Each structure stands twice: as structure tokens, then as C-alpha cells.
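Results of the structural survey
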Amino acid sequence: MVVLQQTLRVFRRIEPQITKLVQGFNRDVPQNIVNRPVVNLARNCRNFCDFGGSTSEGVINMAQYSELNSENVKDFLDSFDTVLFDCDGVLWHGMEAESGAQDTIKKLRKLGKTPFFVTNNSTKSRKQYAEKFTKLGFEASKDEVFGTAYMAALYVKEHLNIQGKVYLMGGAGLEEEFQLHGLSYIGPGPDPLEGDIADWANIPLDPEVQAVVVGFDGHVSYMKMMRAASYLNNPNMPFIGTNTDGRLPTKTGRVIPGTGCIVNSVKTAAGREPVIVGKPSKQLVECISKRHKLDRSRTIMVGDRLDTDILMGHNCGIRTLFVSSGISSLEEVKQHQASGSPERLKFVPTYYLPSVGVLGKLMDMAESPKKRRIETNTSGTQES
């Protein structure tokens with residue numbers, strides 16, 4: 001086991017070079033010689049060291065997570081240039097910042113790392129998120145934020161090229177992004193149930209509506225579900241959902257249903273599958289790649305949800321750091337890892353830490369001339 005761990009550490013150090021080699025072979029080598037030994041060796045090494053990541057050839061059979069500590073954190077920091085941070089449950093809980101999160105991001109910037117903030121929360125526009133970052137003591141600009149309100153507006157504007165109206169189930173964040181992108185819409189605000197089933201069967205529909213977008217809507221109602229599903233009864237009507245998160249992270253033990261509950265209600269009524277612009281789909285990463293230089297082999301995704309953050313990393317061929325400060329737990333990771341199921345192995349991260357604040361403390365240890373050993377566990381960090 002010790003030999004295996006040492007071998008894996010070596011592979012992690014050379015993983016970026018292996019990735020570039022594989023990408024070069026995939027692009028340049030003729031199809032009739034792609035099975036040459038050197039190509040297979042590069043691909044197999046990539047699979048071996050990727051720890052639950054994703055390649056074009058499928059799930060790695062040896063998927064397992066590696067817990068970061070004072071001994072391996074330097075190699076970890078040297079392995080990436082770009083960090084994609086989830087927000088809710090990772091950097092903050094509501095209006096309370098995660099302990100040490102601000103300092104960790106400052107330290108990463110000081111090392112020359114480029115952070116982006118990728119959130120499935122559609123309640124705020126990029127401008128509103130930048131304001132929240134500032135209020136909570138983070139350094140972040142609007143252009144570094146990629147939220148699903150922005151992504152939905154961008155998808156409608158650039159991909160669908162909608163000229164008419166959008167039926168929008170959403171709040172202020174989606175409205176602001178749609179306005180900034182010059183999109184016409186109807187739907188936000190209260191729409192209470194009125195009349196009886198005879199009236200419902202004849203609810204008026206706007207003939208100018210050319211797409212349906214569903215995000216977080218605090219005014220969600222039976223009437224809104226009927227309207228959205230009725231528009232979607234036209235098989236040519238595009239159906240876009242911001243995300244499928246079932247609940248929002250809290251520390252109080254209360255359950256706050258997430259946007260996925262709303263999207264799934266419309267999906268069930270309409271009998272249609274939506275295009276999801278948030279995690280775990282590839283849309284966010286592709287958008288960042290289009291607007292910024294992004295080398296996926298030199299990128300890390302940091303998140304608290306296995307079914308969105310970690311799965312998106314897998315889907316996009318990006319290594320992942322799971323923090324257990326939000327929705328998912330380390331026990332869930334262990335269960336997925338032990339399952340041996342190719343589908344469940346997609347939820348196994350590359351690395352693990354209790355929180356992003358612990359990463360900042362480990363970075364201090366890596367820089368300190370007098371190195372001390374740090375032991376991390378799910379309850380926090382202890383120094384000895």
C-alpha cells in the first residue's frame with residue numbers, strides 16, 4: 001500500500017505533462033495507429049493518477065480520494081493555476097462567511113492562482129454577487145463570477161438567439177441578467193391560483209413567448225407550473241433550467257428546498273427534459289473556457305456537493321477538492337468509493353479537506369521554514 005501511495009504521488013506530479021501528451025496524441029496521431037504502446041501508456045498513466053477524475057475513456061476503476069495534509073499540499077498547489085470555487089456551503093452560509101475562506105483566496109491569489117466562482121444559485125446577478133463578496137470581506141470582481149442567472153440569460157441570448165419573449169420563473173437575479181442582456185420576458189412575481197379546472201384548461205398564453213426558463217422563484221405557484229407546462233406543450237419550445245439542486249445548505253437543521261424542486265415540478269407536468277445550464281453540466285466550464293484561458297489539466301474544482309460540484313469536475317475532466325462544510329459528507333464519499341459502481345465512482349473527488357479555511361492553514365505550513373505536521377479531520381484542524 002505504501003508503494004502504491006508513493007507511486008500515485010509521483011504520477012500526480014507529472015499528471016499535467018501526461019495530460020498534454022494525451023491531448024497531443026488525440027489530436028495529431030492518425031486513427032489507425034492510436035493503439036501504439038506509447039499512446040496507451042500515456043493514457044493509462046493519466047487514468048492511474050487522476051483519482052476519480054474523468055477521461056474520454058470513462059471512469060477510472062481505481063477512483064479514490066486523497067486527504068490533503070502538510071506533506072502533500074505543496075505538490076497539490078504546484079499542480080494547478082486555476083481554481084473554480086462553489087459558493088454556498090464552501091465560501092459562506094447565507095450571510096456568514098466560512099471561517100478562513102477569505103484568507104485562503106487571498107493566499108491563492110498571492111501564489112498567482114486565478115479563482116473563478118461558479119454557483120448554481122440563480123437568486124443573484126453577477127453584479128449582486130460581487131456586492132455580496134465585498135460585504136463578506138472577499139476579493140472578487142463581477143467578471144470572476146459565473147452564476148446560473150447569468151448563464152441562463154447568456155444561453156437564451158447567444159445559443160437560442162431568442163427575439164421574442166421568455167416565460168421566466170425566477171426572481172430578481174434572473175430579471176437583472178435578462179435586462180442586461182436585452183431580453184424580453186414575462187412571469188416574475190406572484191401569480192396565485194384562481195378559478196376552477198374549467199378556467200385552468202383555458203388559461204391565456206402569450207403567443208410571443210419563444211422559450212421557458214425556470215430558476216429559483218419565491219413566488220412559485222400551481223398557476224405558474226400550469227403556464228410553464230402549457231407553453232412547453234409545444235415540442236419546439238426550448239426548456240431551460242438553471243440547476244437541479246434539491247436543497248440549500250444550512251447549519252440550523254431546517255430544510256430549504258432548492259431550485260431542483262421547482263424545475264422538476266415543471267419537468268413532470270410538461271413531460272419534457274430541460275437543458276440545465278448549471279452544475280453538473282459542462283455549460284459553466286465551457287463558458288469560462290470561451291472567455292478566459294483555461295487549461296483543464298491545470299484546474300481544480302472546489303465544492304461541497306458530490307452530485308453537482310464533484311460530478312461536474314468528472315464531466316469536464318477536471319480534478320476536484322471536496323470540502324465537507326456544506327451539503328455532502330465524507331461518509332457519502334466513502335460509500336461511493338466502496339461501491340465499485342462506475343456511476344457512483346463519478347461522485348468520488350480527487351482530494352478532500354474539511355473546509356477551505358483548512359487549506360489556508362496548510363498553505364501556511366507549506367511556506368513555513370519550520371514545518372509542523374497538520375492532521376485534518378471532519379471536525380477541523382489540529383496541530384501537533
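Please refer to the structure placed before this passage.
Read on for a plain summary of the structure. Since the model is a prediction, treat every value here as computed from it, not as a measurement.

Definitions and cut-offs
- Residues numbered from 1 in each chain as written.
- Predicted model: local features only at pLDDT ≥ 70, side-chain atom pairs only at ≥ 80, totals over all residues.
- Heavy atoms only, no water.
- Buried < 20%, exposed > 50% of the residue type's maximum accessible area, 1.4 Å probe, protein only.
- Helix = DSSP H or I, 4+ residues; strand = E, 2+ residues; numbered from the N terminus.
- Pairing = 2+ DSSP bridges.
- Right-handed = clockwise from strand over helix to strand, strands pointing away.
- Core = buried A, V, L, I, M, F, W, Y, C linked by side-chain atoms within 4.5 Å.
- Contact = heavy atoms within 4.5 Å.
- Axes fitted to C-alpha atoms, helices over the stretch in contact; angles between N-to-C directions.

Burial runs high along strand S9 (residues 165–169): four of the five residues are buried. Where S9 lies against strand S10 (residues 184–186), three bridges are found, and the strand directions are parallel. Paired with Val 166 across the two strands is Tyr 185, which belongs to S10. With helix H7 (residues 172–180) bridging S9 and the parallel S10, this β-α-β connection has right-handed handedness. Direction of pairing for S9 relative to strand S11 (residues 209–214): parallel, over a ladder of five bridges. Residue pairing for S11: Leu 168 is matched across the bridge by Val 213.

Attention now goes to the nonpolar core. General note: in soluble globular proteins, nonpolar side chains tend to be found buried as a group. Counting residues in hydrophobic clusters, the biggest one holds 33 residues, and the most contacted among them are Phe 76, Phe 85, Leu 91, Phe 117, Phe 133, Val 302 and Leu 321. For this core, the elements supplying multiple residues, two or more each, are helix H3 (73–78), strand S4 (82–85), helix H4 (101–110), helix H5 (126–135), strand S16 (299–303), strand S17 (319–323), strand S18 (351–353) and helix H14 (356–367). Sorting elements by how many residues they give to this core places H14 first, with six residues. For Leu 91, the residues in contact, after removing those within four places along its chain, are Phe 85, Asp 86, Ala 97, Glu 98, Ala 101, Ile 105, Phe 117, Phe 133, Phe 138 and Val 356. With 32 residues, the next largest nonpolar core counts Tyr 155, Val 166, Ala 211 and Cys 316 among its residues.

Moving on, we come to unusual backbone geometry. In this structure, Pro 280 follows Lys 279 across a cis peptide bond, with omega equal to 10°. Within the secondary structure layout, Pro 280 lies in the loop between strand S15 (275–276) and helix H11 (283–291). For Asn 161, which is not glycine, the phi dihedral falls at a positive 55°.

The strands making up a sheet are joined through hydrogen bonds of the backbone, oriented either antiparallel or parallel. Reading across the sheet, the five strands line up as S10-S9-S11-S12-S15 and stay open at both edges, with parallel pairing between neighbours. Only two strands of the sheet have a single neighbouring strand rather than two, namely S10 and S15. Packing of helix H10 (residues 259–270) onto the sheet brings it into contact with S9, S11, strand S12 (239–241) and S15, and relative to S12 it is tilted by some 160°.

Here we take up the environment of Phe 116. Residue position: Phe 116 is located in strand S7 (residues 114–119). Assessed through its relative accessible area of 4%, Phe 116 is described here as buried. For Phe 116 and Asp 143, which are 27 residues apart along the polypeptide, the C-alpha to C-alpha distance reads 8.5 Å. When near neighbours in sequence (up to four residues on either side) are disregarded, Phe 116 contacts Thr 82, Val 83, Leu 84, Phe 85, Asp 143, Glu 144, Phe 146, Ile 288 and His 292.

Ordered by their spatial adjacency, seven strands build an open sheet running S3-S18-S17-S16-S4-S7-S8, and the pairing between neighbours is parallel. Here the strands that pair on one side only, and so sit at the sheet edges, are strand S3 (66–67) and strand S8 (145–147). Bridge count for S7 against S8 is three bridges, and the pairing is parallel. The partner of Phe 117 across the bridge, within S8, is Val 145. Packed onto the sheet, H4 meets S4 and S7 and runs at close to 140° relative to S7.

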